[in-house]
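# Summary of structural features
Below, each chain spelled out in residue letters.
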Amino acid sequence: MSAEVASVNKKAMTKPPAPDSMLKITLRRFAKNRLAVVGFIIIIFMFLLCFIGPMLSPYNLYDVTVKDKNLAPSMEHWLGTDKLGRDILLRVMLAGRISLLVGLVATVVTVVIGSTLGALAGFYRKWVDAVIMRICDIFMALPSLPILIILGAVLSDLKVSSDYRIYYLMLIIGILGWTGLARLVRGQILTLREQEFMQATEALGLKDRRKIFRHLLPNTIPIIIVSATLSVAGAILYESAMSFLGIGVVPPTPSWGNMISAANNLVDFNKRPWLWIPPGMCILLTTVSINFIGDGLRDALDPKMKM
């Protein structure tokens, strides 16, 4: 009898296992999505290649060797050389830095503007909501790519240095892309502000700034993360398109877009595929991988998904 009592007491004293945190649950769900995991691995590889790879290269960006121009891939130049004898592999890696940084910085600008304006519109409603949403409608009615082309042409006419042009591109792409996120955040805030925890903040007399940035916006982080992930791919494509047209990042600063643009004749296109296939494949792999990650995060952060 005493053994049974001891067993019961031992079971009663044993603490139940602590529930998994939201982060662990999200990571577990994300890991089950094979395409998302593959996309994450590819993105990590691209970052390591672009930011560490150039340090290991024996070549220099500004090395011009005319006698080595248009060489096919070999053991000395793994991806060949361009019409000035520059190493294609090194240029692809350095171009990746530009394209990835454009995507990340433009997305940060988009997230800051979109989440802030969406939160203000959803929280204050009435005339604040009306003004912000009408501005949002105007931006959504504007065709983004033609506007980017016009602004890029303006930068060219103003003869903005290639060292500074990239920063203007980041801001322009970010400013033009905030509307979708603002609408998503606004809709979520309209729902959250009616919850019981917001009634508690009213009873405590908290300031509006604290209500918005400490209690409402943190609850929209899953939506912001998914939207931001997909915005990175869009920003990279915009930059590549503008550079391809010659109004984005201009030589000698390399980007994936202007590297493809360098193969601008039939001879290069047919006889020298190493000039345009490597940067084109980098754009393809990066954007597809980011979209896979976005889809995986969307499923992982959805509370309706099964564990």
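Residues numbered from 1 in each chain as written. Predicted model: local features only at pLDDT ≥ 70, side-chain atom pairs only at ≥ 80, totals over all residues. Heavy atoms only, no water.

Turning to the overall build of the chain, a few remarks are in order. Each helix and strand counted, the chain has 14 helices and zero strands in total. Starting at the N terminus, the α and β elements of the chain follow one another as α-α-α-α-α-α-α-α-α-α-α-α-α-α. For a compact globule of 307 residues, the expected C-alpha radius of gyration is about 19 Å, and the chain comes in at 25 Å, more than 25% above that figure. Overall size of the chain, expressed as C-alpha extent along the three principal axes, is 90 × 65 × 30 Å. Per-residue burial for the chain yields a buried fraction of 39% across its 307 residues. Across the chain, every contact between residues at least 6 apart in sequence was considered, and the portion connecting residues at least 24 apart equals 73%. Put simply, the chain shows about 17,800 Å² of open surface, and 68% of that area lies on carbon and sulfur atoms. Within the chain, one finds 32 positive and 20 negative side-chain charges whose respective centroids are separated by 5 Å. (Helix = DSSP H or I, 4+ residues; strand = E, 2+ residues; numbered from the N terminus. Rg over C-alpha atoms; globule rule 2.2 N^0.38 Å. Buried < 20%, exposed > 50% of the residue type's maximum accessible area, 1.4 Å probe, protein only. Contact = heavy atoms within 4.5 Å. Areas by Shrake-Rupley, 256 points an atom, 1.4 Å probe, with all protein chains shown as cover. Lys, Arg positive; Asp, Glu negative; His and termini not counted. Charge placed at Lys NZ, Arg CZ, Asp CG, Glu CD.)

Attention now moves to the environment of Ile 41. Along the polypeptide, Ile 41 turns up in helix H3 (residues 34-56). Ile 41 sits in the exposed class, given a relative accessible area of 52%. Remark: the alpha-carbon pair of Ile 41 and Leu 217, spanning 176 residues in sequence, is separated by 30 Å.

The next subject is the UniProt feature "transmembrane region" (unreviewed entry) in the chain. Under the present numbering, the feature "transmembrane region" (unreviewed entry) in UniProt falls on residues 35-56, 98-123, 135-154, 166-185, 216-238 and 274-297. End-to-end, the C-alpha atoms of residues 216-238 are 32 Å apart, and along that stretch the chain is 83% helix and 0% strand. Along residues 274-297 the backbone is 88% helical and 0% strand, and the end-to-end C-alpha distance reaches 35 Å. (UniProt positions renumbered as here; feature names shortened; annotations may be inferred.)

Further remarks concern the packing of helix H4 (residues 88-124) against helix H5 (residues 126-141). Viewed as axis vectors pointing N to C, H4 and H5 meet at an angle of 145°, and their least axial separation amounts to 7 Å. Once H4 is placed against H5, the crossing between them reads as left-handed. Across from Leu 117, Leu 120, Ala 121 and Tyr 124 in H4, the residues of H5 making contact are Lys 126, Val 128, Asp 129, Ile 132 and Met 133. Of the residues in the contact of H4 with H5, the class split is seven nonpolar, no polar and two charged. (Axes fitted to C-alpha atoms, helices over the stretch in contact; angles between N-to-C directions. Left-handed = near helix turned anticlockwise from the far one by under 90°. Nonpolar A, V, L, I, M, F, W, Y, C, P; charged D, E, K, R; others polar.)

Let's shift gears to the nonpolar core. Of all hydrophobic cores here, the largest spans 25 residues; its most connected members are Phe 30, Ile 88, Val 92, Trp 256 and Ile 290. The biggest single contributor to this core is helix H14 (residues 277-300), with six residues. Sequence-distant contacts of Trp 256, that is, excluding residues within four places in its chain, are made with Met 46, Cys 50, Val 92, Ala 95, Gly 96, Ser 99, Pro 279, Cys 282, Ile 283 and Thr 286. One finds Leu 148, Leu 169, Met 170 and Ile 173 within the second-largest nonpolar core, a separate group that totals 16 residues. (Core = buried A, V, L, I, M, F, W, Y, C linked by side-chain atoms within 4.5 Å.)

On the secondary structure map, Thr 81 appears in the loop between H3 and H4. Within polar-contact distance, the side chain of Thr 81 engages the backbone oxygen of Asp 68 at 2.5 Å. When neighbours within four sequence positions are excluded, Thr 81 is seen to be in contact with Asp 68, Lys 69, Asn 70, Leu 71, Arg 86, Ile 88, Trp 274 and Leu 275. (Polar contact = N/O pair within 3.5 Å; in protein donor to acceptor, adjacent residues only side chain to side chain.)

Three or more residues of helix H10 (residues 208-216) are buried, namely Lys 211, Ile 212 and Leu 216. When H10 is viewed along its axis, its buried side chains cluster within an angular range of 90° and face the same direction. Looking at H10, the residues exposed on the side facing more than 90 degrees away from the buried face are Arg 209 and Arg 214. (Arc of directions from axis to C-beta.)

This part covers the confidence of the model for the chain. Counting all residues, the mean pLDDT for the chain is 82, and 91% of those residues have values of 70 or more. Within the chain, the lowest mean pLDDT, 52, falls on helix H1 (residues 2-13), and the highest, 91, falls on H3. (pLDDT = per-residue confidence, 0-100.)

A few words on a nonpolar patch on the surface. Residues Phe 40, Ile 41, Ile 44, Leu 48, Ile 52, Met 55 and Leu 56 make up a contiguous nonpolar surface patch of roughly 740 Å² in combined accessible area. One can find Ile 44 in helix H3. (Patch = residues over 30% accessible without salt bridge, like charges linked within 9 Å, V, L, I, M, F, W, Y side chains within 5 Å. Salt bridge = Lys/Arg side-chain N within 4 Å of Asp/Glu carboxyl O.)

Let's shift gears to the environment of Ile 132. Here Ile 132 lies in helix H5. Discounting residues that sit within four places of it in the chain, Ile 132 has contacts with Leu 117, Leu 120, Ala 121 and Trp 178.

Summarising the element assignment, Thr 107 is placed in helix H4. According to the relative accessible area criterion, Thr 107 is buried, its value standing at 6%. Not counting residues up to four positions away in its chain, the partners in contact with Thr 107 are Ala 228, Ser 231 and Val 232.

Another point: the pattern of salt bridges. Pairing between side chains of opposite charge can happen when their charged atoms approach one another. Taken as a whole, this structure holds seven salt bridges when the rule is applied. In this structure, the salt-bridge partner of Arg 91 is Asp 82, at a minimum N-O distance of 3.8 Å. No difference in accessibility class separates Arg 91 from Asp 82, as the two residues are buried. The salt bridge partner of Arg 186 is Asp 129, with a shortest N-O separation of 2.7 Å. Taken together, the residues Arg 186 in helix H8 (residues 179-192) and Asp 129 in helix H5 connect sequence positions 57 residues apart.

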